[in-house]
Amino acid sequence: MSMFPETRLRRLRRNATFRRMVRETHLTVDNLIYPMFVRPGSGVKNPIASMPGQFQWSVDTLVEETKAIADLGVPAVMFFGIPKMKDAHGSQAYAMDAIVCRAVEAVKQACPELCVITDVCLCEYTDHGHCGLLSENLDGQQDVDNDATLEVLAQEALAHVRAGADMVAPSDMMDGRVAEIRDLLDNEGYHEVPIMAYSAKFSSAFYGPFRDAAESPPQFGDRRSYQMDPANSNEAMREIELDVEEGADIVMVKPAMPYLDIIQRAYDQFELPIAAYNVSGEYAMIKAAAERGWIEEKNAVLESMLGIRRAGAQLILTYWAKDVAQWLHEGASPDNS
Ligand code: PBG
């Protein structure tokens, strides 16, 4: 490699045109998926305190908001449901009149081109707030029962797909759930519906604001017996590999920013699209600092998005999807953001 003074890397940084020509990573609206929360009622637009700018919607207001999102060119949304009642079995997760199903129907009717993804999990629907059904484990403790949960998750995915969901995204972290969902969807004639698996989902402190938004904090214990240990990278590759073998079409790493190494490894190792979930805590951090005037929101967000893309994620689930789409339409780039 030649050295200074023959080599000067600043030459190609000198002006915006050069920078544009040699830029290696790009962010477009095509990369964005917007997660949204839907609850029963009408005319609802409840602000979520720990996520400024995000709301719980009712089906009618959700439809209006998704129209605006589709108009901005965002290709996909993902829905989380807050049910009218919770029970130990999460029965509102798979009821045909479940809130997510009603939302999917209404939004698909209003915006047929928009890709509607549903989060498949039980934590929003169980009164104990865990992501699966409970039973006693070997130590005599209440714990999430992996195998008993699988069928319920598959039924939930099927209900969403019957309502018109374009894609399902299991986020529970049970072993074997992708295969169980794939089997049931195929048996019911939905072999064309893809699965985006939350494959490497870490047990993270960055989900805090989401649990307020989805009203789903665990009522006892934590999620460490099913979500991944933040220390583990090899295990994340095994999780992804298993989901790919079970039929996942897209695999997700979650959270995004503290796990860029996992995204990069997944990108290097696997040939299918990688999604990254820029989670509620990542959103809340920048929002809170921006509110205090300590950080410039737009630049910090676009830089974060670019970082996630650079690591290898093709799709980014982010609460900034609408803002980012707006900024990109206004011509934002790393040079004039
Ligand atoms: C449900 C689920 C969670 C998130 C997405 N799906 C919460 C959790 O696992 O505790 C978090 C999303 C976010 O923080 O933005 N299992």
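Scroll up a little and you will see the structure.
## Some words on the overall build of the protein chain
Link 1 in the chain: A count of helical and extended segments in the protein chain gives eleven helices and twelve strands.
Link 2 in the chain: Computed over its C-alpha atoms, the radius of gyration of the protein chain comes to 20 Å, within 12% of the 20 Å expected for a compact globule of 337 residues.
Link 3 in the chain: Projected onto the principal axes, the alpha-carbon positions of the protein chain cover approximately 70 × 45 × 40 Å.
Link 4 in the chain: By residue count, 53% of the 337 residues in the protein chain fall in the buried class.
Link 5 in the chain: The long-range fraction of contacts in the protein chain, counting pairs at least 24 apart against all pairs at least 6 apart in sequence, stands at 73%.
Link 6 in the chain: Approximately 15400 Å² of the protein chain is accessible, and the part contributed by carbon and sulfur atoms is 49%.
Link 7 in the chain: In the protein chain, 31 positive and 51 negative side-chain charges are present, and the distance between their average locations comes to 12 Å.

## Some words on the nonpolar core
Link 1 in the chain: Core analysis: the biggest nonpolar cluster contains 116 residues, and Phe-37, Met-78 and Met-196 have the highest contact counts within it.
Link 2 in the chain: Here the element with the most residues in this core is helix α4 (residues 146–163); it accounts for nine residues.
Link 3 in the chain: With residues near it in sequence (within four places) discarded, Phe-37 still touches Ile-48, Met-51, Phe-55, Gln-56, Trp-57, Phe-80, Ile-82, Phe-210, Ala-213, Ala-214 and Tyr-319.

## Here's the deal with the pattern of salt bridges
Link 1 in the chain: One pass over the full model with this rule turns up 14 salt bridges.
Link 2 in the chain: Residues Asp-243 and Arg-177 are paired through a salt bridge, measuring 3.3 Å at the closest nitrogen-oxygen approach. With Asp-243 in helix α7 (residues 234–246) and Arg-177 in helix α5 (residues 177–187), this residue pair connects regions lying 66 residues apart in the sequence.
Link 3 in the chain: Given a relative accessible area of 3%, Asp-243 falls into the buried group.
Link 4 in the chain: The exposure class of Arg-177 is buried, given its relative accessible area of 1%.
Link 5 in the chain: Between Arg-182 and Asp-186 there is a salt bridge, with the nearest N and O atoms lying 3.1 Å from each other. In this pair, Arg-182 and Asp-186 are both assigned in helix α5, four residues apart and thus about one turn of the helix distant.
Link 6 in the chain: Classification of Arg-182 by relative accessible area gives buried; the value is 11%.
Link 7 in the chain: Residue Asp-186 is classed as partly exposed on the basis of its relative accessible area of 34%.

## Re helix α3 (residues 99–110)
Link 1 in the chain: Between its first and last C-alpha atoms α3 spans 17 Å; for twelve residues at 1.5 Å apiece the expected length is 16 Å, and the two agree.
Link 2 in the chain: Buried residues along α3 sit in contact with β1 (32–38), α2 (59–71), β4 (76–81), β5 (115–120) and α4.

## Focus on the site of the ligand
Link 1 in the chain: Near the ligand lie 19 residues; those nearest to it are Lys-201, Arg-211, Arg-223, Lys-254 and Tyr-319.
Link 2 in the chain: Compared with its free state, where it exposes 400 Å², the ligand has 100% of that area covered by protein.
Link 3 in the chain: Mapped onto the shell around the ligand, the elements with two or more residues apiece are β9 (196–201) and α6 (208–213).

## Here we look at the pairing of β1
Link 1 in the chain: Counting buried positions along β1 gives seven out of seven residues, so the element sits mostly inside the fold.
Link 2 in the chain: Judged from the two bridges that link them, β1 and strand β12 (residues 315–318) form a sheet pairing that is parallel. Residue Ile-33 lies in a different strand from β12, and its bridge partner there is Leu-317.
Link 3 in the chain: In this sheet, β4 lies alongside β1 in parallel orientation, the contact comprising six bridges. Each bridged residue has a counterpart across the sheet, and for Tyr-34 the counterpart in β4 is Val-77.

## Examining the packing of aromatic side chains
Link 1 in the chain: All chains considered together, the criterion is met by ten aromatic pairs.
Link 2 in the chain: Judged by centre distance (5.4 Å) and plane angle (25°), the rings of Phe-37 and Phe-80 are stacked. With Phe-37 in strand β1 and Phe-80 in strand β4, this pair connects stretches of sequence that are 43 residues apart.
Link 3 in the chain: Ring geometry for Phe-80 versus Phe-210: centroids 4.9 Å apart, planes at 75°, classification edge-to-face.

## Quick notes on a negative patch on the surface
Link 1 in the chain: A cluster of acidic residues, Asp-147, Glu-151, Asp-175, Glu-180 and Asp-183, forms a negative patch on the protein surface.
Link 2 in the chain: Elements represented by at least two residues in the negative patch include exactly α4 and α5.
Link 3 in the chain: By the element assignment, Asp-175 lies in the loop between β8 (167–170) and α5.

## Some thoughts on the packing of α2 against α3
Link 1 in the chain: Look at α2 against α3: their axes get within 9 Å of each other, and the N-to-C directions meet at 40°. In this view, α2 runs oblique relative to α3, as classed from their interaxial angle. Crossing hand, α2 versus α3: right-handed. Note on element contacts: α3 touches α2 through Ile-99, Arg-102, Ala-103, Ala-106, Val-107 and Ala-110, opposite Val-59, Leu-62, Val-63, Thr-66 and Lys-67.
Link 2 in the chain: Looking at the contact of α2 with α3 residue by residue, the classes come out as eight nonpolar, one polar and two charged.

About the criteria used
- All residue numbers refer to positions counted from 1 along the written sequence of the respective chain.
- Where local features are concerned, this predicted model is filtered to residues with pLDDT of at least 70; where side-chain atom pairs are given and counted, the filter is 80 or more; whole-chain, interface and lining totals use all residues.
- To get the side-chain values, all heavy atoms of the structure are used, and hydrogens and water are removed first.
- For helices the rule is a DSSP run of H or I covering at least 4 residues; for strands it is a run of E covering at least 2, with both sets numbered from the N terminus onward.
- To get the radius of gyration, use the C-alpha atoms; to get the globule rule, take the number of residues to the power 0.38 and multiply by 2.2 Å.
- Buried residues are those whose accessible area, probed at 1.4 Å on protein chains only, stays under 20% of the maximum for their type, while exposed residues exceed 50% and partly exposed ones sit between those limits.
- Contacts are assigned to residue pairs that have any heavy atoms within 4.5 Å of one another.
- Note on areas: these come from Shrake-Rupley sampling with a 1.4 Å probe, and a residue is covered only by the protein chains present in the view.
- Positive charges come from Lys and Arg alone, negative charges from Asp and Glu alone, with His and the N- and C-terminal ends not counted.
- All charge positions are set by atom: Lys at NZ, Arg at CZ, Asp at CG, Glu at CD.
- Each nonpolar core is a collection of buried residues, namely Ala, Val, Leu, Ile, Met, Phe, Trp, Tyr and Cys, held together in the definition by side-chain atoms within 4.5 Å.
- Within this document, salt bridges are pairs made up of a side-chain nitrogen of Lys or Arg and a carboxyl oxygen of Asp or Glu, the two lying within 4 Å of each other.
- Given the number of residues in a helix, its expected span is that number minus one, multiplied by 1.5 Å.
- One heavy atom suffices: a residue is near a molecule or strand as soon as one of its heavy atoms comes within 4 Å of it.
- Note on pairing: DSSP must find at least two bridges between two strands before they are called paired.
- Aromatic pairing here means that ring centres of Phe, Tyr or Trp (its six-membered ring) are within 6.5 Å. Orientation follows from the plane angle: under 30 degrees is stacked, over 60 is edge-to-face, and everything else is tilted.
- Surface patches are drawn from residues lacking salt bridges whose relative accessible area is over 30%; two like charges belong together within 9 Å, two nonpolar side chains (Val, Leu, Ile, Met, Phe, Trp, Tyr) within 5 Å.
- Throughout, an axis means a line fitted to C-alpha atoms (over the contacting stretch in the case of helices), and angles, computed between N-to-C directions, take values from 0 to 180 degrees.
- Here the angle decides the label: under 35 degrees means roughly parallel, over 145 means roughly antiparallel, 65 to 115 means roughly perpendicular, and every other value means oblique.
- Each crossing gets its handedness from the near helix: less than a right angle anticlockwise from the far helix is left-handed, clockwise is right-handed.
- Each residue is assigned to one of three groups, with Ala, Val, Leu, Ile, Met, Phe, Trp, Tyr, Cys and Pro labelled nonpolar, Asp, Glu, Lys and Arg labelled charged, and all others, Gly among them, labelled polar.

Honestly, it's all geometry; don't read function into it.
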